[in-house]
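Each chain, letter by letter, is given below.
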Amino acid sequence: MRTVKEVSKLTGVSVRTLHHYDAIGLLKPTKVTGAGYRMYDDTALSRLQNILLFRELQFPLKEIKGILDSPGFDPSEALDRQIRLLELQYKHIGDLISFAREIQRKGDMAMGFEVFDKSEIEQYKAEAKARWGNTQAYQDFSQRVATQSQEEQNEIANQLSGQFSGLGALRHLPPAAEEVQEKIAALQKFITDHYYVCTDEILQGLGQMYVGDERFRKNIDRAGGDGTAAFVQQAISVYCSQEERM
């Protein structure tokens, strides 16, 4: 067991910050002595390590707490995703350095803004939040699944696959086509009726997961044909950006 000061010295996290993490329930000490000293064991330090990795990836504290407290949180999988995000950030910084050096070499402004695009990083972060976020949606999903038989779950999964099959049949149309958008509305309603309240924000997160998670992408493409997952994500993006629906 280590005192809060020892943990601060070991990790570089200030005592004040550790006190704040305790106050918001992000990192509680393993025990508090009769004299009021906070003590941390290896399990607490492991959680702190995860917190610091997510902080390096610029996750807000509230979201980190939701992820770490989620019943579906898998530390091993989390580390894989953290590594992937760090790799993406490393590549992004490398591209920025190369871009800056090119400006320096040429002696003038090299017009180009693609290097500032962080959409891939933001997409991967959104997938992590959607996968682990300890949200009301996840709680609703857990409660519903607990009351369903395996046969019922299989039937709902088959129906969901049918939703993607129907969307796949429309891949020849633009994602913004009325028929396609009606299918997206039906998909959102299906998720709400059978899993959890699917807000536009959640739907957008799912769309990103459909293309970012290989397992989702393969299953959706299997149901609707190659390219269905990407098509659905594009159609969802259009659907959620339509102000007249708001």
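Preceding this section is the structure that the text describes.
Residues numbered from 1 in each chain as written. Predicted model: local features only at pLDDT ≥ 70, side-chain atom pairs only at ≥ 80, totals over all residues. Heavy atoms only, no water.

**Some words on the overall build of the protein**
The helix and strand tally for the protein stands at twelve helices and three strands. Evaluated residue by residue, the protein yields a buried proportion of 35% over its 246 residues. Residue pairs in contact within the protein that sit at least 24 positions apart in sequence constitute 63% of those at least 6 positions apart. (Helix = DSSP H or I, 4+ residues; strand = E, 2+ residues; numbered from the N terminus. Buried < 20%, exposed > 50% of the residue type's maximum accessible area, 1.4 Å probe, protein only. Contact = heavy atoms within 4.5 Å.)

**Comments concerning the packing of helix 10 (residues 200–212) against helix 12 (residues 228–241)**
Packed helix pairs are specified by the crossing angle of their axes together with the interaxial distance, meaning the distance between the axes. Between helix 10 and helix 12, whose axes approach to 8 Å, the crossing angle comes to 160°. Here helix 10 is positioned roughly antiparallel relative to helix 12, judged by the angle of their axes. Crossing geometry of helix 10 relative to helix 12 is assigned as left-handed. Taking contact as the criterion, the partners of D200, L203, Q204, G207, Q208, Y210 and V211 in helix 10 are, on helix 12, A229, A230, V232, Q233, I236, Y239 and C240. Its residues assigned to classes, the contact of helix 10 with helix 12 comprises nine nonpolar, four polar and one charged. (Axes fitted to C-alpha atoms, helices over the stretch in contact; angles between N-to-C directions. Parallel < 35°, antiparallel > 145°, perpendicular 65-115°, else oblique. Left-handed = near helix turned anticlockwise from the far one by under 90°. Nonpolar A, V, L, I, M, F, W, Y, C, P; charged D, E, K, R; others polar.)

**A closer look at the packing of aromatic side chains**
If you walk through the whole model with that rule in mind, you get five aromatic pairs. Ring centres of Y210 and F216 lie 6.1 Å apart, and the angle between their planes is 40°; this geometry places the pair in the tilted category. You can call F216 partly exposed: its relative accessible area is 31%. Within the aromatic cluster, the residues linked to one another by ring pairs are F164, Y210 and F216. (Phe/Tyr/Trp six-rings, centres within 6.5 Å; stacked < 30°, edge-to-face > 60°.)

**Description of the side chain of Q242**
The residue Q242 is located in the segment after helix 12 in this model. The class of Q242 is buried, set by a relative accessible area of 18%. At 3.3 Å, the side chain of Q242 forms a polar contact with the side chain of Q181. (Polar contact = N/O pair within 3.5 Å; in protein donor to acceptor, adjacent residues only side chain to side chain.)

**Some thoughts on the packing of helix 8 (residues 150–168) against helix 11 (residues 214–224)**
Their axes nearest at 7 Å, the elements helix 8 and helix 11 cross at an angle of 65°. Once helix 8 is placed against helix 11, the crossing between them reads as right-handed. Of the residues in helix 11, those in contact with S161, F164, S165 and G168 of helix 8 are I220, A223 and G224. Across the contact of helix 8 with helix 11, the residue classes tally to three nonpolar, four polar and no charged.

**Brief notes about the nonpolar core**
The biggest cluster of nonpolar side chains holds 25 residues, and the ones touching the most others in it are F164, I184, I191, Y210 and V232. Of all elements in the fold, only helix 8, helix 9 (178–194), helix 10 and helix 12 reach the threshold of two or more residues within this core. A total of seven residues in this core trace back to one element, the largest contributor, which is helix 12. Sequence-distant contacts of I191, defined by excluding residues within four places in its chain, comprise Y196, C198, L206 and Y210. (Core = buried A, V, L, I, M, F, W, Y, C linked by side-chain atoms within 4.5 Å.)

**So, the sheet that holds strand 1 (residues 2–3)**
Ordered in space as 1-3-2, the three strands form an open sheet in which the pairing is antiparallel. For this open sheet the edge positions go to strand 1 and strand 2 (31–32), each flanked by a neighbour on one side alone. The sheet contact formed by strand 2 and strand 3 (residues 38–40) spans two bridges and is antiparallel. In the strand pairing of strand 3, K31 is matched with M39. (Pairing = 2+ DSSP bridges.)

**What about helix 1 (residues 4–11)?**
Turning to helix 1, its buried residues are V4, V7 and S8. Viewed end-on, helix 1 has its buried residues packed into an arc of 100°, placing them on one side of the element. Structural note: helix 1 exposes K5, K9 and L10 on the side pointing more than 90 degrees away from its buried face. Packed against the buried residues of helix 1 are strand 1, helix 2 (15–23), strand 3 and helix 3 (42–56). After helix 1 finishes, the residue G12 shows a positive phi value of roughly 85°. (Arc of directions from axis to C-beta.)

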